[in-house]
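The lines below spell out each chain.
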Amino acid sequence: MKENKYDDLNFFVNYSAMPRSVVGLEAAGEWPTFRALLPNLANKSILDLGCGYGWHCRYAMEQKAKQVIGIDLSKKMLEKAKALTEHSGIRYECRAIEDVVYDEATFDVVISSLALHYVQDFQQVCQRVYHCLVPGGVFVFSVEHPIFTAMASQDWFYDEQGHRSHWPVDHYFSEGLRKTQFLQEEVVKYHRTVESYLSNLLDAGFAINRLCEPKPSAQALKDYPDMVHELRRPIFLLLSVSK
Ligand SMILES: C[S@@+](CC[C@H](N)C(=O)[O-])C[C@H]1O[C@@H](n2cnc3c(N)ncnc32)[C@H](O)[C@@H]1O
């Protein structure tokens, strides 16, 4: 099922108010880790799966990428991406990650930030990304962490005083669709185990370069003291793999 939640007006308005939508990558907690996983992008052809507002596409052009294609299911997200973009080297295409088929060895780098947990068939994504990368090409992506996606509630367990008691993890091995709550709306996401993420990548032929579970920086904890709870469980899983 391809759910195009980001074209739902209420959801889009709420997403537009998030700090990462207003400020950009500097307000995205996982960005320093994501950036550190990227190879040198100069003169590279890049594909961004689920590009949203196109922050990563523009970053790639700032790093002197040769060309960038950003694809996304949501017309509203792409309208915003186009409005924010001045670089002529970026092309935005409205289509689903599930429908992406490019010729062999088209891209040097494929990236995806927080979009692949919306896709049911990760194995197929791995095979197609592997196919369209040049030999030695790199795939870097972030998803919501399986500890975060295991339960549809995606929320803390609160004690009687309303304090965050613990993060519940259950049905971890029951992979598949989760009807979650995000930005006051029901949103469909797909839960996979860490083992599945790695096995699907390895089965497609990739070599694993690095796996990261970013935590808030000391500065972020100072600026946003409530982030201390983000030290209690991972929320993001980042991987860099090579063809
Ligand atoms: C959380 S946003 C992340 C946007 C951007 N990558 C970023 O990090 O700023 C998720 C994006 O994935 C897109 N998306 C979700 N499911 C998709 C699918 N099946 N195919 C293409 N894009 C999808 C949404 O429309 C949305 O723009």
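Owing to the predicted nature of the structure, the values given are computational and were not obtained by experimental measurement.

Whenever I open this one, unusual backbone geometry confuses me. Can you help?
Not every positive phi belongs to a glycine, and leucine 114 is a case in point at roughly 55°. Tracing the chain through its elements places leucine 114 in the loop between strand E4 (107-113) and helix H6 (122-132). The backbone phi angle of glutamine 154 is positive, close to 40°, even though this residue is not glycine. With respect to the helices, strands and loops of the structure, glutamine 154 is situated in the loop between helix H7 (146-149) and strand E6 (157-158).

It is not clear to me how H6 should be interpreted in this structure. Could you clarify?
Side chains three or four residues apart in an α-helix point the same way, a direct result of the helix having 3.6 residues per turn. What H6 keeps buried is the set Phe122, Val125, Cys126, Val129 and Cys132. Viewed end-on, H6 has its buried residues packed into an arc of 140°, placing them on one side of the element. The secondary structure elements touched by the buried residues of H6 are strand E1 (45-49), E4, strand E5 (133-144) and helix H8 (194-204). With a side-chain oxygen lying 3.3 Å from the backbone nitrogen of glutamine 123, the N-terminal cap of H6 falls on aspartate 121.

Quick question: what am I supposed to make of the site of the ligand here?
As a matter of local geometry, the ligand sits amid 19 residues, with Gly50, Asp72, Ile97, Glu98 and Ser113 nearest to it. With respect to the ligand, the side chain of glutamate 98 contributes an N or O atom lying 2.9 Å from a nitrogen atom. Taking serine 113, its side chain carries an N or O atom lying 2.6 Å from an oxygen atom of the ligand. Here the ligand has 600 Å² of accessible area as a free molecule, and 97% of this is covered by the chains.

It is not clear to me how the environment of glutamate 86 should be interpreted in this structure. Could you clarify?
By secondary structure assignment, the location of glutamate 86 is in the loop between helix H5 (75-84) and strand E3 (90-94). Classification of glutamate 86 by relative accessible area gives exposed; the value is 80%. In sequence terms glutamate 86 and lysine 2 are 84 residues apart; their C-alpha atoms lie 30 Å from each other.

Reading the values: the criteria
Residues numbered from 1 in each chain as written. Predicted model: local features only at pLDDT ≥ 70, side-chain atom pairs only at ≥ 80, totals over all residues. Heavy atoms only, no water. Helix = DSSP H or I, 4+ residues; strand = E, 2+ residues; numbered from the N terminus. Buried < 20%, exposed > 50% of the residue type's maximum accessible area, 1.4 Å probe, protein only. Arc of directions from axis to C-beta. Contact = heavy atoms within 4.5 Å. Polar contact = N/O pair within 3.5 Å; in protein donor to acceptor, adjacent residues only side chain to side chain. Near = heavy atom within 4 Å. Areas by Shrake-Rupley, 256 points an atom, 1.4 Å probe, with all protein chains shown as cover.

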